[in-house]
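Listed here are the chains, written in short residue letters.
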Amino acid sequence: MTQNIPNTRIELGGYFADIVMNRTQQPEDVYYYIIQKKGSAEVVDWGKADSFEQIERLASSTLKTFASRDSLRASGTAAS
């Protein structure tokens, strides 16, 4: 089932996630997130899901992980 979604960008800390939809997959649409560090063209993570709600949750969770890791590093705490 095709769902119209707006261009979606989630920002947290020094990262952002763009959410896009591939309408060419059959029989259902596939949603992707692409995470980049602000100011960089490098993709640091990406993922896919079957619904916009799932991909939005995955992207938000992954952004929190990256932002938390950077915060720990900035405070001098080693993160593994």
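Our subject is the structure listed above.
From a predicted model like this one, the values you see are computed outputs, not experimental measurements.

Provide a residue-level description of the overall build of the protein chain, including the pertinent values.
A tally of regular secondary structure across the protein chain gives 1 helix and 4 strands. Within the protein chain, the fraction of its 80 residues that count as buried is 31%. Considering only contacts within the protein chain whose residues lie at least 6 apart along the sequence, 34% involve residues at least 24 apart. Total accessible area on the protein chain is roughly 5,400 Å²; 49% of this is exposed by carbon and sulfur atoms.

Could you give an account of the sheet that holds strand 4 (residues 43–49), naming the residues involved and the relevant values?
Strands sit in the order 1-2-3-4 across an open sheet of 4 strands; the sheet is antiparallel. Either end of the sheet is taken by a strand with one partner, and the two such strands are strand 1 (8–12) and strand 4. On average, each strand axis in the sheet is tilted by 20° relative to the strand beside it, whichever way the strands run. Note: strand 3 (residues 30–37) against strand 4, 6 bridges, orientation antiparallel. If you follow isoleucine 34 over to strand 4, its bridge partner there is tryptophan 46.

Quick rundown of the environment of lysine 38? Include the residues and the values.
When you line up the elements, lysine 38 lands in the loop between strand 3 and strand 4. Here lysine 38 falls in the partly exposed class, since its relative accessible area comes to 41%. In this structure, the C-alpha to C-alpha distance between lysine 38 and glycine 14, residues 24 residues apart in sequence, is 5.5 Å. Apart from residues no more than four positions distant in its own chain, lysine 38 is found in contact with Glu11, Gly13, Gly14, Tyr15 and Phe16. Of the polar contacts made by the side chain of lysine 38, one reaches the side chain of glutamate 11; its length is 3.2 Å. Here the side chain of lysine 38 touches glycine 13 through a polar contact of 3.1 Å, landing on its backbone oxygen.

Break down the side chain of serine 51 for me, citing the residues and quoting the values.
Residue position: serine 51 is located in the loop between strand 4 and helix 1 (52–74). A distance of 3.1 Å separates the side chain of serine 51 from the backbone nitrogen of glutamine 54, its partner in a polar contact.

How each quantity is defined
Residues numbered from 1 in each chain as written. Predicted model: local features only at pLDDT ≥ 70, side-chain atom pairs only at ≥ 80, totals over all residues. Heavy atoms only, no water. Helix = DSSP H or I, 4+ residues; strand = E, 2+ residues; numbered from the N terminus. Buried < 20%, exposed > 50% of the residue type's maximum accessible area, 1.4 Å probe, protein only. Contact = heavy atoms within 4.5 Å. Areas by Shrake-Rupley, 256 points an atom, 1.4 Å probe, with all protein chains shown as cover. Pairing = 2+ DSSP bridges. Axes fitted to C-alpha atoms, helices over the stretch in contact; angles between N-to-C directions. Polar contact = N/O pair within 3.5 Å; in protein donor to acceptor, adjacent residues only side chain to side chain.

These figures come from the coordinates and say nothing about function on their own.
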